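Chain residues, written in single-letter form:
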Amino acid sequence: DDDDFAGSIFIAPQTGAVGIGTIDPTGRLEVQDSVNQQLRLTHTAGQTYTDFRTTDTGTLSIVPSNGIIKLGENSITINNGLNTITSSSGRNDIAR
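So, a few notes on the structure that sits alongside this text. Everything numeric here is computed off the predicted structure, so don't read it as measured data. (Residues numbered from 1 in each chain as written. Predicted model: local features only at pLDDT ≥ 70, side-chain atom pairs only at ≥ 80, totals over all residues. Heavy atoms only, no water.)

## Quick notes on the side chain of Asp51
Okay, so step 1: Its place among the elements puts Asp51 in strand β5 (residues 48–54).
Okay, so step 2: Classification of Asp51 as buried rests on a relative accessible area of 12%.
Okay, so step 3: Polar side-chain contacts of Asp51 include one of 2.5 Å to the side chain of Arg40.
Okay, so step 4: Apart from the residues within four sequence positions on either side, Asp51 is in contact with Gln37, Leu39, Arg40, Ser61, Ile62 and Val63. (Helix = DSSP H or I, 4+ residues; strand = E, 2+ residues; numbered from the N terminus. Buried < 20%, exposed > 50% of the residue type's maximum accessible area, 1.4 Å probe, protein only. Polar contact = N/O pair within 3.5 Å; in protein donor to acceptor, adjacent residues only side chain to side chain. Contact = heavy atoms within 4.5 Å.)

## Description of the sheet that holds strand β2 (residues 18–20)
Okay, so step 1: One open sheet accounts for three strands, arranged β1-β2-β3; its pairing is mixed. This sheet does not close on itself; its edge strands, each paired only once, are β1 (9–11) and β3 (29–31). For this sheet, the mean angle separating the axes of adjacent strands, direction not counted, is 15°.
Okay, so step 2: For β2 and β3, the ladder comprises three bridges, and the chain directions are parallel. Bridging across to β3, Val18 finds its partner in Leu29. (Pairing = 2+ DSSP bridges. Axes fitted to C-alpha atoms, helices over the stretch in contact; angles between N-to-C directions.)

Structure representation (structure tokens):
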């Protein structure tokens, strides 16, 4: 049962795949956690970060500490406080 390995790191000897919270990683790196973020990228002493999580329905959740997600240099900025998406063309769409 993978729940028994929730705090463990496992390396599959045959493939070298790494599992965190799982003993059966299906990718080169697999992190399983049904409650917390599965990945946190942190900049400078934990004050600025972005959390990544996949839900039980397969939805990717990206939660930055400042609420803004930017894809590319000028392409898309998402502000989760306003639930809007602004593209580089200036078009605004409501994201629900």
